[in-house]
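Architecture and fold: a report
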Amino acid sequence: MSEPDDDLPRADRLGPAGEGRPLRLIPRDGLDAALAALPPAQRAWAEANGFKGRLGQTLPLPSEDGAVDGARFGWGDAAARARSRFHLGAFAAKAPKGAWRIEADLPPQDLEEAALGWLLARLRFEDYKAAPLPAATLAAPEGVDPDRVHRLADAVALTRRLIDTPAEDMGPARIEAAARALAAAHGAAASSIVGDALLAENFPMIHAVGRAAAPGREPRLIRFDWGGEGPRITLVGKGIAFDTGGLGIKPGASMALMKKDMGGAAQVLGLARAIMDAGLKVRLTVLIPSAENAISGPAFRPGDVLRSRKGLTVEVNHTDAEGRLVLADALALGDEAAPDLMLCFATLTGAARVALGPELPPFYTDDEALAADLSAAAAHVADPIWRLPFWPGYEEKIEPAIADLDNAPAGGMAGSITAALFLKRFVEAAGAFAHFDVYGWTPASKPGRPKGGEAQGLRAAFEVIAARAASGSGAA
């Protein structure tokens with residue numbers, strides 16, 4: 001199968017403000033007034049089609065010549081809207097062709113979410129099969145910055161495409177190619193350390209996890225640096241191209257979605273794209289430890305003790321807990337530069353999904369200001385995340401008898417927290433640190449979120465980084 005193109009995916013663009021047929025959003029409590037305002041023929045049409053203003057209910061309105069004159073879109077009530085996001089995506093995915101403009105008395109932030117939901121709903125993964133949509137566009141709502149919306153949609157487009165690409169075509173070398181393409185597009189300096197060179201450069205755990213992979217799929221540490229002023233921001237993303245579980249092999253059903261185990265790397269690249277597109281005044285470093293957790297003679301084994309870049313030793317009690325191993329070496333490198341802020345994204349534990357489900361990823365930080373900023377940003381931009389604790393009472397769970405750390409504590413409890421505590425041991429000098437345990441996948445299509453790879457926490461993190469860049473310091 002041929003490799004996907006290395007060009008950066010781009011979302012649709014919003015049209016000029018004020019152009020297009022009216023798309024009026026109708027809340028349940030405004031239904032009677034909205035129907036009364038229609039001409040008699042259109043009012044009869046609305047009643048005949050059972051339009052009640054339910055959230056997501058769509059009613060195209062015919063003109064006298066049979067063309068589409070406009071549309072009404074059910075906006076439901078506050079309780080219904082609170083249960084999901086990107087409601088306008090339900091219309092965008094099936095909108096009649098042509099230009100549309102929103103008519104609604106909404107706050108600017110809600111209009112921005114509506115516009116972003118439109119663009120995200122129209123993203124399609126077409127590298128292997130065409131999935132065309134009607135040629136519809138949305139005018140930029142009044143008071144909404146289209147460049148900002150495009151920037152965020154493009155970041156999500158890159159993240160989704162990387163995750164959706166099958167592991168056959170998205171091995172460590174292809175992840176590196178994607179990072180280099182993004183770096184080149186913004187004049188960033190990119191480099192990589194590949195295969196046995198990882199040992200010479202003191203990244204032993206990245207090497208151990210990936211040393212069993214086939215030729216051409218060697219493990220690597222991918223890096224690029226961008227920007228020359230402002231706070232130092234380091235982004236670390238887990239880039240496991242495919243996770244068999246290693247010698248502790250996963251059941252077949254658990255392996256089915258493991259192409260998304262590089263979702264942390266995909267999100268870091270999407271976030272870096274938004275930062276660079278916005279021209280934020282930051283000194284950005286992106287670090288992606290990438291490997292394939294494969295099975296062959298050289299595979300690392302249960303009971304092995306690995307020495308990390310930081311010097312800490314790690315007993316391997318399960319080879320399926322490999323993500324924290326590669327991240328540890330990368331975090332140690334990032335920490336050596338004492339960044340003002342270091343963020344880590346990883347599809348790390350099933351325990352996080354048991355606790356919070358697929359669409360509410362936990363994040364961990366012991367910096368109260370950062371936690372408050374992330375939570376506020378998540379609410380502001382409809383990018384939900386939820387703080388869980390670096391609970392010190394569980395530290396002993398990651399301390400085995402024969403090494404400094406245990407990569408997979410026995411007992412099965414608090415798995416997301418113990419993984420986060422493990423990563424935290426490799427961060428000491430950073431001014432602030434947060435780890436996001438993301439799922440990176442939408443299991444069933446929802447408005448603005450087609451089934452497949454997904455960005456989670458990316459937009460909230462961008463808001464925080466943008467605020468810190470504007471303030472010129474490590475804290476907003």
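Below or above, wherever it landed, is the structure these notes cover. Every chain is numbered on its own, with residues counted from 1 as its sequence reads. Since the coordinates come from a predicted model, pLDDT governs what is reported: local features require at least 70, and pairs of side-chain atoms require 80 or more to be given and counted, while whole-chain, interface and lining totals use all residues. Hydrogens and water molecules were not included; the side-chain quantities draw on all heavy atoms of the structure.

Structurally, Ile385 can be placed in the loop between helix H14 (368-380) and strand S15 (386-387). The spacing of Ile385 and Ala190 is 195 residues in sequence and 30 Å in space, taken between C-alpha atoms. For helices the rule is a DSSP run of H or I covering at least 4 residues; for strands it is a run of E covering at least 2, with both sets numbered from the N terminus onward.

Our next topic: the packing of helix H7 (residues 172-185) against helix H11 (residues 263-278). Think of two packed helices as two axes; the pair is described by the angle between the axes and how far apart they sit. In this analysis an axis means a line fitted to C-alpha atoms, helices contributing only their contacting stretch, and an angle means the value between N-to-C directions, from 0 to 180 degrees. Contact geometry for H7 and H11: axes closest at 11 Å, N-to-C directions at 5°. It follows from the interaxial angle that H7 and H11 lie roughly parallel. For the pair formed by H7 and H11, the contact residues are Ala178, Ala179 and Leu182 on the first element and Leu269, Ala272, Arg273 and Met276 on the second. Each residue gets one of three labels, nonpolar for Ala, Val, Leu, Ile, Met, Phe, Trp, Tyr, Cys and Pro, charged for Asp, Glu, Lys and Arg, and polar for the others, Gly among them. Taken together, the residues of the contact of H7 with H11 sort by class into 6 nonpolar, no polar and 1 charged. With respect to orientation, any angle under 35 degrees is reported as roughly parallel, any angle over 145 as roughly antiparallel, any angle of 65 to 115 as roughly perpendicular, and every other angle as oblique. When checking whether two residues touch, look at their non-hydrogen atoms; a contact exists if any pair is within 4.5 Å.

The next subject is the packing of helix H6 (residues 146-164) against H11. Axis separation between H6 and H11 bottoms out at 8 Å; the angle between their running directions is 155°. Judged by the inter-axis angle, H6 sits roughly antiparallel to H11. Both H6 and H11 take part in a crossing whose hand is right-handed. Seen from H6, the contacting residues are Arg151, Asp154, Ala155, Leu158, Thr159, Leu162 and Ile163; seen from H11, they are Gly263, Ala266, Gln267, Leu269, Gly270, Arg273, Ala274, Asp277 and Ala278. Class assignment for the residues of the contact of H6 with H11 results in 8 nonpolar, 4 polar and 4 charged. Crossing chirality is assigned from the near helix's rotation relative to the far helix, an anticlockwise turn below a right angle marking it left-handed and a clockwise turn marking it right-handed.

Attention now moves to a nonpolar patch on the surface. Two joining distances apply to patches: 9 Å for like charges and 5 Å for nonpolar side chains (Val, Leu, Ile, Met, Phe, Trp, Tyr), and every residue must have over 30% relative accessible area and no salt bridge. Where accessible areas are quoted, they stem from the Shrake-Rupley method and a 1.4 Å probe; at the residue level, only the protein chains shown are allowed to cover. Each reported salt bridge corresponds to a side-chain nitrogen of Lys or Arg within 4 Å of a carboxyl oxygen of Asp or Glu. Taken together, the side chains of Leu247, Ile249 and Ile295 make up a nonpolar region of the molecular surface, amounting to roughly 270 Å² of accessible area. Within the element layout of this structure, Ile249 appears in the loop between strand S9 (239-243) and helix H10 (252-255).

This part covers the environment of Arg81. Among the secondary structure elements, Arg81 is positioned in helix H3 (residues 78-82). For every residue, the accessible area (1.4 Å probe, protein chains only) is compared with the maximum for its type, and the residue is labelled buried under 20%, exposed over 50%, or partly exposed between those bounds. The partly exposed category is assigned to Arg81, whose relative accessible area is 25%. Here the alpha-carbon distance between Arg81 and Asn407, two residues 326 residues apart in the chain, equals 41 Å. Each residue touching Arg81, except ones within four places of it in the same chain, is listed here: Leu55, Trp75, Gly76 and His87. Of the polar contacts made by the side chain of Arg81, one reaches the backbone oxygen of Trp75; its length is 2.8 Å. One polar contact links the side chain of Arg81 to the main-chain carbonyl oxygen of Gly76, over a distance of 3.3 Å. Distance and chemistry together define a polar contact, namely a pair of N or O atoms within 3.5 Å, with one atom able to donate a hydrogen and the other to accept it when in protein, and with adjacent residues in sequence counting only for side-chain atoms on both sides.

This next bit is on the sheet that holds strand S11 (residues 305-307). At least two bridges found by DSSP between two strands is the condition for calling them paired. Strand order in this open sheet of 3 strands is S11-S12-S16, and the pairing throughout is mixed. Looking at the sheet topology across the chains shown, the edges are occupied by S11 and strand S16 (405-406). The pairing of strand S12 (residues 313-315) with S16 spans 2 bridges and is classified as parallel. Note that in S16 the partner of Val314 across the bridge is Leu405.

Looking now at the pairing of strand S1 (residues 21-27). Two faces, one strand: in a regular strand the side chains alternate between the faces of the sheet. Relative to strand S4 (residues 98-103), S1 is paired through 4 bridges, and the arrangement is parallel. Bridge assignment links Pro22 to a residue of S4, and that residue is Arg101. Examined bridge by bridge, S1 and strand S3 (residues 68-76) share 5 bridges and lie parallel to one another. Residue pairing across strands places Pro27 opposite Gly76, the latter belonging to S3.

Structurally, the position occupied by Ser290 is in strand S10 (residues 283-293). Classification of Ser290 by relative accessible area gives buried; the value is 0%. In terms of polar contacts, Ser290 uses its side chain to reach the backbone carbonyl oxygen of Gly239, at 2.8 Å. Setting aside anything within four residues of it in sequence, one finds Ser290 in contact with Pro172, Ile175, Ile206, Pro219, Arg220, Ile222 and Gly239.

Here we come to the packing of aromatic side chains. Two rings from Phe, Tyr or Trp (for Trp, the six-membered ring) form a pair when their centres sit within 6.5 Å of each other. Planes less than 30 degrees apart are called stacked, planes more than 60 degrees apart edge-to-face, and all others tilted. What the rule picks out here adds up to 10 aromatic pairs. Both rings, one in Phe73 and one in Phe91, keep their centres 6.3 Å apart while their planes meet at 70°; by these two values the pair is edge-to-face. Of this pair, Phe73 sits in strand S3 while Phe91 sits in helix H4 (residues 89-92), and the two are 18 residues apart along the sequence. Each member of the pair, Phe73 as well as Phe91, carries the same accessibility label: buried. Ring centres 5.7 Å apart and planes at 50° place the aromatic pair Phe125 and Tyr128 in the tilted group.

With that settled, the discussion passes to the sheet that holds S1. Spatial ordering of the open sheet is given by S2-S3-S1-S4-S5, a layout of 5 strands whose pairing is mixed. Every other strand in the sheet has two partners, leaving strand S2 (58-62) and strand S5 (136-138) as the edge strands with one partner each. With direction set aside, neighbouring strand axes in the sheet form an average angle of 30°. Alignment of S4 against S5, held across 3 bridges, turns out to be parallel. By the bridge assignment, Trp100 is partnered in S5 with Leu138.

What follows covers the pattern of salt bridges. Enumeration over the complete set of coordinates arrives at 29 salt bridges. Glu103 serves as the salt-bridge partner of Arg24, at 2.3 Å between the closest nitrogen and oxygen. Taken together, the residues span a long stretch of sequence, with Arg24 in strand S1 and Glu103 in strand S4 at a distance of 79 residues. Looking at Arg24, the relative accessible area reads 32%, which means it is partly exposed. Note that Arg309 and Glu336 form a salt bridge whose closest N and O atoms lie 2.9 Å from each other. A residue pair is termed long-range when its members are at least 10 positions apart, and Arg309 in the loop between S11 and S12 and Glu336 in helix H12 (residues 323-336) qualify at 27 residues. Each of Glu176, Arg180, Glu218 and Arg220 takes part in one network of salt bridges that share partners.

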